[in-house]
Amino acid sequence: MDTTAPIGVFDSGVGGLTVAREIMRQVPNERIVYFGDTARVPYGSKSKDTIIKYSRQIIRFLQTEKVKAIVIACNTATALALNEMQKEFDIPIIGVVQPGVVAATQTTKNGRIGLIGTESTIHSGMYPKLIEEIMPQAQVIGKACPLFCPLVEEGMINDTITTQVAERYLSELKKQQIDTLIMGCTHYPLLQDTIAQVMGEGITLVNPAYETALELKQLLERENLANVCEIDSPSSMYRFYVSDTAEKFKKIASFILPFDITMTQQIAIEQF
Ligand code: DGL
């Protein structure tokens, strides 16, 4: 395997850039090919069969870019499709759920863990299942927060409406004596300050995006896949593809990434 080959990172849209951003920080030597399925977002309300079909098409596309490993940056796609994709494809594929689970079990003192995510992630039961494998006595209290993604995409990150929505969604969780809360959706780390403020003191927030980047780093070292060559500028290190027009993607990307995306190419993903 060519160690200078890129890492494939994909998500239902722009949110997975929170994962790409952490990867850029943790493994700055690695090239990235990012795919955002902007034509078919949101994944968070779709069925398992649909998400498996979408993930398969995206991985086939990423393989044409000769990626050496794949990160499913989307919590929903990880929860619904990671196991199937790992069986189908002969390339290292990791998702964002397991790294978040490990961090949460290491963080909690009282074994009461809150989980917020999309409807599909919460209903999949994947987070509680994996937590139970590591910590059978743990209690996981889940809450879907479907309005968080559109609020972030509208740029309403520091907005009183977002605080009100967070208060409404999180009020039940606040009564559950959790000491750890997993932000189980790509967009939620962008609302970290609001979520932390609403939850109050004594609750540690777990960001699966950060944990996933650390896991990727370990995977690359373990499999002898890490790029040891000289690095270039972001414009040549990172390539961005979308399935719909690029304008909104670029706009939101500009407040997630530390540089402006100049080139984004649209792909007919249904053909893969
Ligand atoms: N990327 C999705 C996730 O992390 C959130 C957006 C969507 O529903 O597609 O679950």
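Our subject in this report is the structure included herewith. (Residues numbered from 1 in each chain as written. Predicted model: local features only at pLDDT ≥ 70, side-chain atom pairs only at ≥ 80, totals over all residues. Heavy atoms only, no water.)

### Thoughts on the pattern of salt bridges
Phase 1: Across all of its chains, the model carries ten salt bridges by this definition.
Phase 2: Where Glu270 meets Arg40, a salt bridge forms, and the shortest distance between an N and an O atom there is 3.1 Å. Here Glu270 is found in the segment after β10 (264-266), whereas its partner Arg40 is found in the loop between β2 (32-36) and α2 (48-64), with 230 residues between them in sequence.
Phase 3: Residue class for Glu270 comes out partly exposed when judged on its relative accessible area of 49%.
Phase 4: Note that Arg239 is salt-bridged to Glu65, the shortest N-O span being 2.7 Å. Highlighted residues: Arg239 in strand β9 (residues 238-242) and Glu65 in the loop between α2 and β3 (69-72), separated in sequence by 174 residues.
Phase 5: The partly exposed category is assigned to Arg239, whose relative accessible area is 33%.
Phase 6: Classification of Glu65 by relative accessible area gives buried; the value is 16%. (Salt bridge = Lys/Arg side-chain N within 4 Å of Asp/Glu carboxyl O. Helix = DSSP H or I, 4+ residues; strand = E, 2+ residues; numbered from the N terminus. Buried < 20%, exposed > 50% of the residue type's maximum accessible area, 1.4 Å probe, protein only.)

### Brief notes about helix α12 (residues 247-256)
Phase 1: Among all positions in α12, only Phe249, Ile252, Ala253 and Ile256 are buried. Looking down the long axis of α12, one finds its buried residues gathered within 110° of arc, a one-sided arrangement. What points out from α12, more than 90 degrees from its buried face, is the exposed set Glu247 and Lys251. (Arc of directions from axis to C-beta.)

### Points about the site of the ligand
Phase 1: Every one of the 14 residues lining the ligand counts as a neighbour, but Asp11, Ser12, Tyr43, Gly44 and Thr76 are closest to it.
Phase 2: With respect to the ligand, the side chain of Asp11 contributes an N or O atom lying 2.8 Å from a nitrogen atom.
Phase 3: With respect to the ligand, the backbone of Gly44 contributes an N or O atom lying 2.8 Å from an oxygen atom.
Phase 4: Alone, the ligand offers 300 Å² of accessible surface; in the complex the protein occludes 98% of this.
Phase 5: Partitioning the shell around the ligand into residue classes produces six nonpolar, seven polar and one charged. (Near = heavy atom within 4 Å. Polar contact = N/O pair within 3.5 Å; in protein donor to acceptor, adjacent residues only side chain to side chain. Areas by Shrake-Rupley, 256 points an atom, 1.4 Å probe, with all protein chains shown as cover. Nonpolar A, V, L, I, M, F, W, Y, C, P; charged D, E, K, R; others polar.)

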